[in-house]
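One letter stands for each residue in the lines below.
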Amino acid sequence: MVKFSEEQLVEFNRLVARYPEGKQKSALLPVLHLAQDSFGGWLSSETMDYVASLLQIKPIEVYEVATFYSMYNLKPVGKYLFEVCQTGPCMVSGCDDIIDYIKSKLNISVGETTPDGLFTLKTVECLGACGYAPMMQLGKYYREHLTKEKVDAIIAECKAQSN
Amino acid sequence: MGVKLLLEKAHIPGIRTYEVYRREGGYRSVEKALQSMTPEAIVEEVKKSGLRGRGGAGFPAGMKWSFIAKPEGVPRHLVCNADESEPGTFKDRYLMEFLPHLLIEGLIVASFALGSNNTYIYIRGEYAWIVDILETAINEAKANGWLGENILNSGFDCNIHVQRGAGAYICGEETALIESLEGKRGNPRIKPPFPAIKGLWQRPTVVNNVETLAAVVPIINIGGDEYAKIGVGRSTGTKLISACGNINKPGVYEIDMTVSVEEFIYSDEYCGGIANGKRLKACIPGGSSVPILPANLLLKTAKGETRYMNYESLSDGGFATGSMMGSGGFIILDEDQCIVKNTYTLARFYRHESCGQCSPCREGTGWMEKLLLRLEKGEGKMSDIDLLWDIQRKIEGNTICPLGDAAAWPVAAAIRHFRDEFEWHVTHAQEAQTRNFGLAHYADPIHVPVTA
């Protein structure tokens, strides 16, 4: 059963307290981020129902939001999610080569996860790092000015971390 | 060197911390505003400054503030739009990352002017680490008495909260942002009522861009009249430009809007010229949604006059031969870049980001993406080009929010100025897969020596 820990509940209460009485639904986006981070990097329907009960809103209100925003994963993803930008400015700076390189290096297509469950490759639209292209988001941070060598180093770093 | 009002102190070590920021003269505008000015006087000062919204629309900020309704007993809110998502734009990120206290300072003054006791920063979800930077700055400001109750004994209470979005370009549109802040899908609202009357939780609300709110600080410090003297005409003050694409020095630059486009691209103070000794082919000067311009229309207007980096000059010639200042996302394409492919990636972006509420945008963006992909792959027909033109015409102006226009303009401008390149993808389908169309007659007139 999904349930926030004591510590996560403290954070939940901090998020809800930002809004006026009765407007707790406003905390939905941040609470979904918290839930995704807490329960394996994606939102199962069980997780979404739990969030609905915590915020005292209908489950459909959570589904509506979870399916609208691209940062919520509605199916399981690998431990390390590579989100590579492919919009105009990154394209003119050579992101296609980087995406191809990651594909061949990890032997997966866009949207797939490696069999060991470590890596998922996703292409995303503009992340606001156009001057530092090509780039990807990995967890909380951006990895910018990507080259094949940098991609190798990132993959090695993730593998070392997971051991 | 032009005047710098926002980034002047960005390179001082430790400027991100309260101690250094305060030591360098930070929070003086809050002292001045809360101790010696009335909210009305602040609005008046911002009006005098001529400050125009820095998010893209360029609407006069002081005017926007003066529209806020003040019904008795109803709380009002200021919301900072930090949902920076327009391709090519990364200036707000820079401000928040390196000068978080400048934004907080501007927010306190603006909150006082508008009577907002609870102010929200809505930041795009991907800027996850910047949330920590902002919250640290807010806590520091609070600990030093700049936020909380009865700030500087003025009787004014203010708290600032940071809310993360979750990946939706549309939430940069102010009513979609408000919906998202209420915990809903980012579907823009029909206006009127405008947010100034009924915004967040149906309360009077002003939504301003990060850079706009940061600019309030120098306006209060030096006065609206002095601020208005910087720049030219109705392009007052300074503007942050985020430059990217095929240039030697991508990054965020503060300009005083008297710089020519040519100087901005080629001088070492700014972009440092086109990378790898290539030549300039085209430029999208104000974020992906503004019209793309070929080099020959970028550096000089159709009348042969020098084009400058300001609102009026960039839009000189209208959409026929001009473009827009937009958000300041300045994207340069060199001679190796394919206009059809670039337009395709932008069309894909807008299809991905359409909220789906209005049929012309929901259906039209996907249709344009498919046609552009077909042309890009050399499988298109000549009639596809006219069809694209027809679709974009039917999206523009027919949607609740400006995302429809934003999706239509890049396609329209690309066909308007680079039609022969689209045609070449049809007539030379095979060749188009292996070789770029090149410069044709779009080349910049400046002689660039070929590097060895």
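Everything quoted here is computed from the prediction, not taken from an experiment.

1. Structural notes on the overall build of chain A
Regarding its fold elements, chain A presents seven helices and four strands. Secondary structure elements of chain A, listed N to C terminal, follow the sequence α-α-α-α-β-α-α-β-β-β-α. Taking the principal axes of its C-alpha atoms as reference, chain A extends roughly 50 × 35 × 25 Å. Split into buried and exposed, the 163 residues of chain A put 52% on the buried side. Across chain A, the fraction of contacts at a sequence separation of at least 24, relative to all contacts at a separation of at least 6, is 59%. Separation of charge centres in chain A, based on 16 positive and 20 negative side chains, amounts to 2 Å.

2. With respect to the domain arrangement of chain B
Residues and elements named next belong to chain B. The domain boundaries assigned to chain B delineate domain 1 (18–229), domain 2 (235–334) and domain 3 (339–435). Summarising the inter-unit geometry, the C-alpha centres of domain 1 and domain 3 are found 36 Å apart. Each side of the interface is counted separately: domain 1 has twelve residues, and domain 3 has ten residues. For the pair domain 1 and domain 3, the interface holds zero salt bridges. Our count for the domain 1 to domain 3 interface comes out at two residue pairs in polar contact (both at pLDDT 80 or more). Residue classes in the side of domain 1 that touches domain 3 are distributed as six nonpolar, three polar and three charged.

3. Concerning the sheet that holds strand S9 (residues 280–284) of chain B
Taken in spatial order, the five strands make up an open sheet running S8-S7-S11-S9-S10 (chain B), and their pairing is mixed. The two strands at the open ends of the sheet, each matched to only one other strand, are strand S8 (251–255) and strand S10 (293–294) of chain B.

4. A short note on the domain arrangement of chain A
Domain annotation of chain A identifies domain 1 (6–68) and domain 2 (80–162). Placing the centre of domain 1 of chain A and that of domain 2 of chain A at their C-alpha centroids yields a distance of 29 Å.

5. Overview of the nonpolar core
Of all hydrophobic cores here, the largest spans 184 residues; its most connected members are Tyr69(A), Phe82(A), Trp65(B), Ile104(B) and Ile121(B). Aside from chain neighbours lying at most four places away, what touches Trp65(B) is Ile42(B), Val43(B), Val46(B), Ala110(B), Ala113(B), Leu114(B), Val206(B), Asn208(B), Leu213(B) and Val216(B). Counting 26 residues, the second largest nonpolar core, distinct from the first, contains Val261(B), Leu280(B), Met325(B) and Ile332(B).

6. Focus on the interface of chain B and chain A
The interface is formed by 57 residues belonging to chain B together with 40 residues belonging to chain A. Here chain B packs against chain A, burying approximately 3900 Å² in sum over the two surfaces, 56% of which is carbon and sulfur. Taken together, the connections running from chain B to chain A amount to six salt bridges. Note that Glu144(A) and Arg93(B) form a salt bridge whose closest N and O atoms lie 2.8 Å from each other. Every element with two or more residues in the side of chain B that touches chain A is listed here: helix H5 (91–98), strand S2 (118–123), helix H7 (128–143), strand S3 (159–164), helix H8 (174–181), strand S7 (239–245), strand S11 (329–334) and helix H15 (339–353) of chain B.

7. Structural notes on the state of the cysteines
Residues and elements named next belong to chain B. According to the stated counting rule, one finds zero disulfides over all chains in the structure shown. Free of any disulfide, Cys 158 has its nearest cysteine sulfur in Cys 80, 12 Å distant. Between Cys 271, a free cysteine, and Cys 283, which holds the nearest cysteine sulfur, the sulfur-to-sulfur gap is 8.5 Å.

8. Focus: the packing of helix H3 (residues 39–49) of chain B against helix H6 (residues 100–114) of chain B
All names here are of chain B. As a packed pair, H3 and H6 sit with axes 7 Å apart at the nearest point and diverge in direction by 120°. Considering how the two elements wind past one another, H3 and H6 form a crossing that is left-handed. Contacts between H3 and H6 involve Pro 39, Ile 42 and Val 43 from the former and Val 109, Phe 112 and Ala 113 from the latter. When the residues that make up the contact of H3 with H6 are grouped by side-chain class, the tally is six nonpolar, no polar and no charged.

9. A look at the packing of aromatic side chains
Residue and element names in this part refer to chain B. This structure, assessed with the given rule, holds 31 aromatic pairs over all chains. Between Tyr 21 and Tyr 27, the ring centres sit 5.5 Å apart and the planes meet at 85°, which makes this aromatic pair edge-to-face. For Tyr 21, a relative accessible area of 6% corresponds to the buried category. Judged by relative accessible area, which is 0%, Tyr 27 ranks as buried.

10. So, the pairing of strand S4 (residues 205–209) of chain B
Residue and element names in this part refer to chain B. For S4, a buried count of five out of five residues is recorded, marking the element as mostly surrounded by other parts of the structure. In terms of strand pairing, strand S1 (residues 77–82) meets S4 through five bridges, oriented parallel. Bridge pairing in S4 places Cys 80 opposite Asn 208.

11. Points about unusual backbone geometry
Trans is the prevailing form of peptide bonds, just as negative phi is the prevailing case for residues other than glycine. Going from Ala133(A) to Pro134(A), the amide bond is cis rather than trans, its omega being -10°. Within the secondary structure layout, Pro134(A) lies in the loop between strand S2 (119–124) and strand S3 (136–138). Following Pro192(B), the chain continues into Pro193(B) via a peptide bond in cis, with omega recorded as 0°. At Gln56(A), a position not held by glycine, the phi torsion is positive, near 55°.

12. Concerning the sheet that holds S3(A)
Residues and elements named next belong to chain A. Judged by pairing direction, the sheet is mixed, and its four strands sit side by side in the order S2-S1-S3-S4 without closing on themselves. On the outer flanks of this sheet lie S2 and strand S4 (141–143), each paired with one strand and no other. In this sheet, adjacent strand axes meet at a mean angle of 30° when their direction is disregarded. Of the strands in this sheet, strand S1 (80–85), S2, S3 and S4 touch helix H7 (residues 148–162), which is tilted by about 160° from S1.

13. What about a nonpolar patch on the surface?
Residue and element names in this part refer to chain B. A contiguous nonpolar patch, built from Phe 59, Met 63 and Phe 67 and spanning about 280 Å² of accessible area, is present on the exposed surface. By the secondary structure assignment, Phe 59 is in the loop between H3 and helix H4 (61–66). Overall, the relative accessible area of 39% leaves Phe 59 in the partly exposed class.

14. Concerning the pattern of salt bridges
All names here are of chain B. If you walk through the whole model with that rule in mind, you get 41 salt bridges over all chains. The salt bridge partner of Glu 126 is Arg 124, with a shortest N-O separation of 3.0 Å. By relative accessible area, which is 7% here, Glu 126 ends up buried. Close ionic contact of Glu 174 with Lys 191 constitutes a salt bridge, the shortest N to O distance being 3.6 Å. Of this pair, Glu 174 sits in helix H8 while Lys 191 sits in the loop between H8 and S4, and the two are 17 residues apart along the sequence. For Glu 174, a relative accessible area of 16% corresponds to the buried category. A network of salt bridges, in which partner residues are shared, links Arg 54, Lys 91, Asp 92, Glu 211 and Lys 239.

What counts as what
Residues numbered from 1 in each chain as written. Chains lettered and ligands numbered in written order. Predicted model: local features only at pLDDT ≥ 70, side-chain atom pairs only at ≥ 80, totals over all residues. Heavy atoms only, no water. Helix = DSSP H or I, 4+ residues; strand = E, 2+ residues; numbered from the N terminus. Buried < 20%, exposed > 50% of the residue type's maximum accessible area, 1.4 Å probe, protein only. Contact = heavy atoms within 4.5 Å. Lys, Arg positive; Asp, Glu negative; His and termini not counted. Charge placed at Lys NZ, Arg CZ, Asp CG, Glu CD. Domains from an automatic or database assignment. Salt bridge = Lys/Arg side-chain N within 4 Å of Asp/Glu carboxyl O. Polar contact = N/O pair within 3.5 Å; in protein donor to acceptor, adjacent residues only side chain to side chain. Nonpolar A, V, L, I, M, F, W, Y, C, P; charged D, E, K, R; others polar. Pairing = 2+ DSSP bridges. Core = buried A, V, L, I, M, F, W, Y, C linked by side-chain atoms within 4.5 Å. Buried area = accessible area lost by both parts, 1.4 Å probe. Disulfide = S-S within 2.5 Å. Axes fitted to C-alpha atoms, helices over the stretch in contact; angles between N-to-C directions. Left-handed = near helix turned anticlockwise from the far one by under 90°. Phe/Tyr/Trp six-rings, centres within 6.5 Å; stacked < 30°, edge-to-face > 60°. Patch = residues over 30% accessible without salt bridge, like charges linked within 9 Å, V, L, I, M, F, W, Y side chains within 5 Å. Areas by Shrake-Rupley, 256 points an atom, 1.4 Å probe, with all protein chains shown as cover.

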